[in-house]
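Architecture at a glance
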Amino acid sequence: MLLLQWGAIFLASALAIFSARQASARRLILFLLAFGYILALFHKQLDLMAAIPLLLLILSAVLVRNGAIRYWVSLGHAMSIILGLTLAFHLVPGFHNPRVWGPEKITDNAAPFAMYLNLDKPLIGFWVLLACTWTERKVRLRITVDTAAVCASFAATLCLGLAWSMGLVGINPKLPTQSWLWAINNLLLVCFAEEAFFRAYLQDGLVRLLPDFKYKDDLVITGIAILFGLVHYASGWHWMLVATVAGIFFGAAYKFGGLRAAIFSHFGLNVVHFFFFTYPMTSPHLR
């Protein structure tokens, strides 16, 4: 039953990333999400309190899509931003995300790592792609692939080089037994949710909202990258700086290659970090 639950949620995320433009895919995504979250309720990974943010997300989607009344649209966006941040920080009651790994040290010199399969954070990613159809930009596959490869390469080189120079990570190749689960979770839940919210929703939304002026895109990309860095405050200013630099490359990936380029740029950086460097970071007492 757990395999069915997470299989449905992972498949819904994959469809959202690759086929959200199609009406039939949208219906299937909603069906898979309903199926997966009903099973999560059955497995006591959700309780009835989770119905409140779910209903608020539905209400905000209705308000956002009702473009005839400007104030209702603004209210819907305000609700979605607040919900997105609170869901991302796991501040909303009713979600009992299962821990599937750790806490343990992946390597001897690493800080302890624990991994959860989140039910709350991905909801904002699904909300963005299902409620905000204006985020759907048609980009040729070749452009998406090339953009993702270039941005991931630069992000991995500069961000991990910066982290290494500050003693946050060291070169540490490895292949943990649960790597496959980490990769699925990181791509389909973590990168998907974060890039849908920060790039497809906030970055694209600001670019559309602001009047045209020189360097508008660059300023918006930088501003959202700084916000992306700030939400990593719990890890300290070093990681906030690294995340800000990464956010600039993810923003550029979105600008030139669309959401899928941003997601795979983010995932590419995380893959290099996970498999080739200390993960999640070097143990503080060893720095």
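Everything in this summary refers to the structure shown in the same document. Just so we're clear, the structure is a prediction, and the values are computed from it rather than from any experiment. Throughout this document, residue positions are counted from 1 along each chain, in the order its sequence is written. The predicted nature of this model means local features are confined to residues of pLDDT at least 70 and side-chain atom pairs, given and counted, to a pLDDT of 80 or more, with totals for whole chains, interfaces and linings taken over all residues. Only heavy atoms go into the side-chain values, all of them from the structure, while hydrogens and water stay out.

**Focus on the packing of aromatic side chains**
- Under the pairing criterion, centres of Phe, Tyr and Trp rings, with the six-membered ring standing for Trp, must be within 6.5 Å; the plane angle then separates stacked pairs below 30 degrees from edge-to-face pairs above 60, leaving the rest tilted. Enumeration over the complete set of coordinates arrives at 20 aromatic pairs.
- Between the aromatic rings of F18 and F264, the centroid separation amounts to 6.1 Å while the plane-to-plane angle is 50°, which identifies the pairing as tilted. One end of the pair, F18, is in helix α1 (residues 2-19); the other, F264, is in helix α9 (residues 237-276), with 246 residues separating them in the sequence.
- You can call F264 partly exposed: its relative accessible area is 28%.
- When the centroid spacing of 5.2 Å and the interplanar angle of 80° are considered together, the rings of F198 and F228 count as edge-to-face. Placement of F198 in helix α7 (residues 179-209) and of F228 in helix α8 (residues 216-230) is noted, with a sequence separation of 30 residues between them.
- Under the relative-accessibility criterion, F228 is labelled buried at 2%.
- These aromatic residues form a ring-pair network of at least three members: W101, F113, W182, F267, F274, F275 and Y279.
- Taking NZ or CZ as reference, K174 lies 5.9 Å from the ring centre of F274, over its face.
- For a lysine, the NZ atom is tested; for an arginine, the CZ atom; a charge sits over a ring if that atom is within 6 Å of the ring centre and within 35 degrees of the ring normal. In this structure, R199 is placed above the aromatic ring of F228, and the distance from its NZ or CZ to the ring centre is 4.7 Å. A run of DSSP states H or I qualifies as a helix once it reaches four residues; a run of E qualifies as a strand once it reaches two. Both are numbered from the N-terminal end. Residue burial is assigned from relative accessible area. The probe radius is 1.4 Å, only protein chains are included, and a residue is buried under 20% of its type maximum, exposed over 50%, and partly exposed in between.

**Observations regarding the pairing of strand β2 (residues 113-116)**
- The two faces of β2 differ: F113 and M115 on one face are buried, but A114 and Y116 on the other face are not.
- Pairing analysis gives 3 bridges linking strand β1 (residues 99-104) to β2, with the strands arranged antiparallel. Within β2, the position partnered with E104 by the bridge is F113. When DSSP finds at least two bridges between two strands, those strands are taken to pair.

**Details of helix α4 (residues 70-88)**
- The end-to-end C-alpha distance of α4, which contains 19 residues, comes to 27 Å, matching closely the 27 Å that a straight helix rising 1.5 Å per residue would cover.
- Here α4 has its buried residues at V73, G76, M79, S80, L83, G84 and L87. All buried residues of α4 lie within an arc of 135° about the axis, which places them on one face of the element. Turned more than 90 degrees from where α4 packs its buried face, R70, Y71 and I82 sit exposed.
- Where α4 is buried, its residues touch α3 (51-65), α5 (122-131) and α7.
- Positive phi appears at H90, one or two residues downstream of α4, with a value of about 60°. Every helix has an expected span of 1.5 Å times one less than the residues it contains. In this description, the arc belongs to the directions extending from the helix axis to the C-beta atoms. The contact criterion used is simple: two residues touch if any of their non-hydrogen atoms lie within 4.5 Å.

**Notes on the pattern of salt bridges**
- What counts as a salt bridge is simple: a side-chain nitrogen of Lys or Arg found within 4 Å of a carboxyl oxygen of Asp or Glu. In the structure shown here, the tally under the stated rule is 6 salt bridges.
- Two residues, E194 and K121, come together in a salt bridge whose shortest N-O distance is 2.5 Å. Of this pair, E194 sits in helix α7 while K121 sits in the loop between β2 and α5, and the two are 73 residues apart along the sequence.
- E194 gets classed as buried once you look at its relative accessible area, which sits at 13%.
- When the shortest N-O distance is used, the salt bridge between D146 and R142 registers 3.0 Å.

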